[in-house]
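Structure assessment
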Amino acid sequence: MLPNDKFELTEAQKRIWYTQMLYPKSSMYNIGGVARIKGKIDVDCLKKAICDTIHLYDALSIKIVNDGGRIMQYFDVGHEPDIKVVDFSHEEEAKDIYERWLHIKQHELFDMCNQLLYEIVILKFNDKEFGYFIKMHHIISDGWSIQMFTQKMCNYYDALYNQVTIDKSDIPYSYRDYIVSENEYLNSSNYQKSEQFWLNEFKDDFCTTTRISNDVLGKRISYEMEQNISNDIYGFCKSRSISLNTFFISIYLMAHSFLYDIDDIIVSIPLLGRNSRVQMKTFGMFATLVPLRYRIDMESTYSDYLDNLNTKLKAIYLRQRYPYNHLIKALENQSKQFHMLNAVCVNYYNTLPSVKIQGFDIISEEFYNGEQDYSLQLIIRDWNDKHCIHLDFD
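Below is a summary of the structure that appears in this document.

Cut-off values and rules
- Residues numbered from 1 in each chain as written.
- Predicted model: local features only at pLDDT ≥ 70, side-chain atom pairs only at ≥ 80, totals over all residues.
- Heavy atoms only, no water.
- Patch = residues over 30% accessible without salt bridge, like charges linked within 9 Å, V, L, I, M, F, W, Y side chains within 5 Å.
- Areas by Shrake-Rupley, 256 points an atom, 1.4 Å probe, with all protein chains shown as cover.
- Salt bridge = Lys/Arg side-chain N within 4 Å of Asp/Glu carboxyl O.
- Helix = DSSP H or I, 4+ residues; strand = E, 2+ residues; numbered from the N terminus.
- Expected span 1.5 Å × (residues − 1).
- Buried < 20%, exposed > 50% of the residue type's maximum accessible area, 1.4 Å probe, protein only.
- Pairing = 2+ DSSP bridges.
- Contact = heavy atoms within 4.5 Å.
- Polar contact = N/O pair within 3.5 Å; in protein donor to acceptor, adjacent residues only side chain to side chain.
- Axes fitted to C-alpha atoms, helices over the stretch in contact; angles between N-to-C directions.

The subject of this paragraph is a nonpolar patch on the surface. The grouping of Ile 221, Tyr 223, Ile 229 and Phe 393 at the surface amounts to a nonpolar patch, some 360 Å² of accessible area in total. Within the secondary structure, Ile 229 is located in helix α7 (residues 227–240).

In structure tokens form, the structure reads like this:
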């Protein structure tokens, strides 16, 4: 198989592509942030570790092309990463200059035609603080993949810095293999069964009270819960054997029902979209959306409501592999209001343990571009190193 063989976009990638084409001047699909390193590091080692990690994951070599009217992708696996270094340490107003630079870089659009879709820049803030800026287009990566990248890059750096042989026996799985496996799924009986499940979920007419807007501009309100409140919620979830995600979905559904006096509610839930150990170790765009349609029984107790909701969520999680795009198309063919499915999103982030490089802590600062394709997004951040809950309302 030649490196420049062309492949169709995966269903997760198609969802990103379609929306990006609707809003071609939007940077909503620039994902990443800044990793600040609280210590003096070897810049040459860091650059080599980043390059080695890039070469490890073939999805980072993806380029998108228009092949006779068909949007395709190929893997430019032989490309050489261009990792620049920006030094802010000599600037008189270093903080202001850095923040202006960051604002420009995080909003800077990728060229979607036959170009690499990532950018990494090493940063020097002063002699005792370094870091790197990482930006990827969502069509080649997701949040889980960026965490994978960070962990592997830190391992490579430590090995290089300590002059230890890098163990490369754990060869990662290829995103190309996932493309093949997805095509097999789309032609399987499991796909057909899942399709019937989802069509049955939306066989009845539905409506929404959520305002739908063509404007992607958004704003973020953040709230970090007090430790004692976080502890109470953790304790309650443990006692009920439910996830933090289930708890907050239940709260949102009740609030929506109370505010708008409606019992048939739809919420969009982003999921990892990885359905095997192999996929959990594969870098690329897997993240999927599943629409939860829930009818609240006003006569039930909260205990029964939680049990029923938890059962419902487990059922839709089992069918998360069915492409969101296919459901939208099927509902559109039935003249359903398909655009209502993702008006509201409840998104749960369960962070990985803290990562260190050369013994120094890495503090990750995810950027928010102020643009989104949801009318409302609730993000629950479960900081498992602090054991506290952080909420973002976008």
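We now examine helix α8 (residues 244–260). For α8, with 17 residues, the first-to-last C-alpha span of 24 Å sits near the 24 Å given by 1.5 Å per residue. Inspection of α8 places Leu 244, Asn 245, Thr 246, Phe 247, Phe 248, Ile 249, Ser 250, Tyr 252, Leu 253, His 256 and Ser 257 among the buried residues, and these make up the whole buried set. Directly after α8, the chain includes Asp 261, whose backbone phi takes a positive value near 55 degrees.

Before going further, it helps to spend a moment on the sheet that holds strand β7 (residues 129–137). Pairing is mixed in the open sheet, where 6 strands are placed in the order β5-β6-β7-β2-β13-β12. Looking at which strands have only one partner, the edges of the open sheet turn out to be β5 (84–87) and β12 (356–357). Examined bridge by bridge, β12 and strand β13 (residues 360–366) share 2 bridges and lie antiparallel to one another. Looking across to β13, one finds that Ile 357 is bridged to Phe 360.

Okay, the environment of Met 285 next. Structurally, the position occupied by Met 285 is in the loop between α9 (277–280) and β10 (288–295). Take Met 285: its relative accessible area is 0%, and that puts it in the buried class. Spatially, the C-alpha atoms of Met 285 and Val 267 are 22 Å apart, while their sequence positions differ by 18 residues. In this structure Met 285 touches Thr 10, Ala 12, Gln 13, Arg 15, Ile 16, His 138, Ile 139, Ile 140, Ser 141, Asp 142 and Tyr 175, once residues within four positions along its chain are discounted.

Along the chain, Gln 320 falls in the loop between α10 (302–318) and α11 (324–333). Of the polar contacts made by the side chain of Gln 320, one reaches the backbone nitrogen of Gly 273; its length is 3.2 Å. Contacts of Gln 320, omitting those with residues within four sequence positions, involve Leu 271, Leu 272, Gly 273, Arg 274, Asn 275, Thr 288 and Val 290.

So, on to the sheet that holds strand β1 (residues 7–8). With antiparallel pairing, 3 strands are arranged side by side in an open sheet as β1-β4-β3. Bordering the open sheet on either side are β1 and β3 (62–67), each of which pairs with just one other strand. Direction of pairing for β1 relative to strand β4 (residues 70–75): antiparallel, over a ladder of 2 bridges. Of the residues in β4, the one forming a bridge with Phe 7 is Gln 73. Seen against the sheet, helix α5 (residues 175–186) touches β1, β3 and β4 and runs at an angle of roughly 140 degrees to β4.

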